Amino acid sequence: MQSDIGRKRSYHARTRNGCSVVCTVNYFCGSQTLTMSRLRKKACVALFLFTLFIFGTMMGLRTLKPSDGFSDLAPGMDLMPFVGERAERRQVANDVLATAGQSRFPSDTKVVFSNSGPEKSIFYDIHIFYYLWYGTPQMDGSYIHWDHVLVPHWDPKIAASHPKGKHVPPEDVASSFYPELGPYSSRDPDVIESHMSQIEASAAVLPCMPLQGWWCCPGILPAWRTSMASPRRTWCRPSWMPLTGTVSRYGNHGAFYKFKSNTGKILPLFYIYDSYLTPPEAWADLLTSSGAHSLRGTPYDGIFIGLIVEERHKHDILAGGFDGMYTYFASNGFSFGSSHQNWKAIKAFCDSNDLLFVPSAGPGYVDTAVRPWNNHNTRNRVNGRYYETSLQAALSVRPEVITVTSFNEWHEGTQIERAVPKKTVTRLYLDYKPHNADLYLDITRRWAEQFSKEKEQWLM
């Protein structure tokens, strides 16, 4: 290209100015033009790569880093064990379990030792959402939830571009991860025993179970721990009973979790999912002392925690007579409530209105196995870093209780339950590599210990 440009310009130049001068001008112009063209190309490529770098960095920050300041005492992002003195723990007798809980201001983390010694201590201020909706042909007559349908998008045009149908267990389950236990039944006593052992290992004392739209903390783990001689008789199913039936049947059990309210009452605690779907006036009828059907002061009174999704929900929760609010979703940025950057403001609102604020931390989020069109809400686990960032953000607002989403919500990929690598003809599942299957249980325990340490310092 350079020689062609030179010859063409040399020919026209000779007819006007003479050969000796034109040859020099011809070479200079051709080289300059080509050099500038190359520089422009290089500049465009550099600008494109720089733009990609900025975009990738912003997406990473959006996924990982809350904009609030973090707690100065929070552990590092590495996966090494803590160095330093452990928080003082004290054993709680079985008769105290009936009133396990803590005063709201101030509060006190209560810990139960297992039979294996102090390394198996459990913290009452970490609650974990636990799902009982799984089934298998052997225990339930068919697969339940493991064969979940692929939920279509509400826009027919978008739905048309994504797969349809349902999953076919056991090789194809409705999750991006594969459980170490395989597709299991929530009614299997051996499965529940394994789950409670894992929760015990994570130090999260309270598996919160679904109860027709309510989450309750019946304290099934302490019941399991104190009934090892006959664990199969311990497994009850309070999660599918109405609120009144649960309280009536299990409320006086020594392992049923109760929380000390700001009025000094010791009451069961309930997380109410999708509470915003019911008008605050209807909730006030139940949850305010002046309501026509008030539960306050009755045997069915409790600590009721509503779900905050949008910012306006905090006012609805207050008007509805709730005792506090929680965020549930493990996808940072998905909603106002689940965005770490908003937790400080929500906590300030709760403090000024005598409400509990319970942030929900999670290890990541990926629900494309059931909602194939929802990839934009996926939050990569980054080998545990996302979970640690979420827990650190929760601690930074000094809550009394932290919830973990979840132990085993496999559809949305928020589980901390053990998962294993698996590859089939049609599926390649995500896993916890290069770490072992206990990675998220270990992280939970480490941060539970840190939470206990920090709470002691907050009260000093």
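Residues numbered from 1 in each chain as written. Predicted model: local features only at pLDDT ≥ 70, side-chain atom pairs only at ≥ 80, totals over all residues. Heavy atoms only, no water.

Residue P170 follows P169 across a cis peptide bond; omega there is 10 degrees. Position of P170 relative to the elements: it lies in the loop between α4 (156–159) and α5 (189–202). In this model, D274 sits at a positive phi of 55 degrees, which is unusual for a non-glycine residue. The topology assignment puts D274 in the loop between β7 (269–272) and α8 (280–287). By relative accessible area, which is 23% here, D274 ends up partly exposed. For Y328, which is not a glycine, the phi torsion comes out positive at approximately 60 degrees. (Helix = DSSP H or I, 4+ residues; strand = E, 2+ residues; numbered from the N terminus. Buried < 20%, exposed > 50% of the residue type's maximum accessible area, 1.4 Å probe, protein only.)

On to the pattern of salt bridges, then. All told, the structure shown has 17 salt bridges when counted by the stated rule. Among the salt bridges present, the one from E171 reaches K422, with a minimum N-O distance of 3.4 Å. Placement of the pair is E171 in the loop between α4 and α5 and K422 in the loop between β12 (402–404) and α12 (439–458), with a sequence separation of 251 residues. For E310, the salt bridge is made with R312, and the minimal N-O distance between the two is 2.8 Å. On the accessibility criterion, E310 (38% relative accessible area) is partly exposed. (Salt bridge = Lys/Arg side-chain N within 4 Å of Asp/Glu carboxyl O.)

Once that is clear, we can look at helix α10 (residues 343–352). Among the residues making up α10, those that are buried are W343, I346, K347, F349 and C350. Here the buried residues of α10 occupy an arc of 160 degrees about the axis, which is enough to place them on one side. Exposed and oriented more than 90 degrees from the buried face of α10 are K344 and S352. Its buried side turned inward, α10 meets α9 (313–319), β9 (324–326), β10 (356–358), β11 (360–361) and α11 (385–396). Of the residues flanking the end of α10, it is D354, one or two places downstream, whose phi is positive at about 55 degrees. (Arc of directions from axis to C-beta. Contact = heavy atoms within 4.5 Å.)

Take the packing of α5 against α12 next. Relative to each other, α5 and α12 sit at 45 degrees, their axes nearing to 7 Å. In terms of orientation, α5 lies oblique with respect to α12. For the pair α5 and α12, contact is made by Q198, E200, A201 and S202 and by L441, T444 and R445, respectively. Of the residues that constitute the contact of α5 with α12, the class distribution is two nonpolar, three polar and two charged. (Axes fitted to C-alpha atoms, helices over the stretch in contact; angles between N-to-C directions. Parallel < 35°, antiparallel > 145°, perpendicular 65-115°, else oblique. Nonpolar A, V, L, I, M, F, W, Y, C, P; charged D, E, K, R; others polar.)

Turning next to the packing of α11 against α12. Running from N to C, α11 and α12 point in directions that differ by 15 degrees, and their axes come no closer than 11 Å. Viewed along their axes, α11 and α12 adopt a mutual orientation that is roughly parallel. As α11 runs across α12, the sense of the crossing is right-handed. Note on element contacts: α12 touches α11 through Y440, I443, T444, R446, W447, Q450, F451, E454 and W458, opposite Y387, E388, L391, Q392 and L395. Residue classes in the contact of α11 with α12 are distributed as eight nonpolar, three polar and three charged. (Left-handed = near helix turned anticlockwise from the far one by under 90°.)

Let's shift gears to the packing of aromatic side chains. Under the defined criterion, the tally for this structure stands at 23 aromatic pairs. Their ring planes at 75 degrees and their centres at 5.4 Å tell us that Y273 and Y328 sit as a pair that is edge-to-face. Taken as a pair, Y273 in the loop between β7 and α8 and Y328 in the loop between β9 and α10 lie far apart in primary sequence, 55 residues in all. By relative accessible area, which is 2% here, Y328 ends up buried. Between the NZ or CZ atom of R381 and the centre of the ring of F177, over which it lies, the distance is 4.7 Å. Over the ring of Y178 we find K422; its NZ or CZ atom is 4.9 Å from the centre of that ring. (Phe/Tyr/Trp six-rings, centres within 6.5 Å; stacked < 30°, edge-to-face > 60°. Lys NZ or Arg CZ within 6 Å of the ring centre and 35° of its normal.)

This part covers the nonpolar core. If you look at the biggest cluster of nonpolar residues, it comprises 76 residues, and the most contacted ones within it are Y271, M325, Y326, Y387 and I416. Examining the composition of this core, we find that eight residues originate from one element, α12, more than from any other. With residues near it in sequence (within four places) discarded, Y387 still touches A361, G362, P363, V404, I416, Y440, I443 and T444. (Core = buried A, V, L, I, M, F, W, Y, C linked by side-chain atoms within 4.5 Å.)

What follows is about the side chain of N408. Looking at where N408 falls in the secondary structure, it is placed in the loop between β12 and α12. Within the structure, N408 has its side chain in polar contact with the backbone nitrogen of Y131 (distance 2.7 Å). Ignoring anything within four residues of it in the chain, the contact list for N408 reads F129, Y130, Y131, Y134, Y184, H195, Q415 and E417. (Polar contact = N/O pair within 3.5 Å; in protein donor to acceptor, adjacent residues only side chain to side chain.)

Counting buried positions along strand β8 (residues 303–307) yields five of five residues, so the element is predominantly enclosed. Of the two faces of β8, both are covered, the one formed by I303, I305 and L307 as well as the one formed by F304 and G306. A crossover links β7 with its parallel partner β8, the connecting element being α8, and its sense is right-handed. The sheet contact formed by β8 and β9 spans three bridges and is parallel. By the bridge assignment for β9, G306 is matched with M325. After leaving β8, the chain enters α9 and then returns to the sheet as β9, a path that is right-handed. (Right-handed = clockwise from strand over helix to strand, strands pointing away. Pairing = 2+ DSSP bridges.)

Moving on: the confidence of the model for the protein chain. Considering every residue of the protein chain, the mean pLDDT works out to 77; 69% of them sit at 70 or more. Taken as a whole, residues 1–30 scores under 50 in pLDDT and shows 19 contacts with residues more than four places along the chain or in a different chain. Confidence over residues 218–242 falls short of pLDDT 50; this stretch has 73 contacts with residues more than four positions distant or in other chains. (pLDDT = per-residue confidence, 0-100.)

To continue, consider α5. Taking 1.5 Å of rise per residue, the 14 residues of α5 would be expected to cover 20 Å, and the 20 Å separating its terminal C-alpha atoms lies within 8% of that figure. A large share of α5 lies buried, amounting to eleven of its 14 residues. Taken together, the buried positions of α5 are occupied by P189, V191, I192, S194, H195, M196, Q198, I199, E200, A201 and S202. Between a side-chain oxygen at the N-terminus of α5 and the backbone nitrogen of D190 the separation is 2.9 Å; the capping residue is D188. Following α5 by one or two positions, A203 has its phi on the positive side, about 75 degrees. (Expected span 1.5 Å × (residues − 1).)

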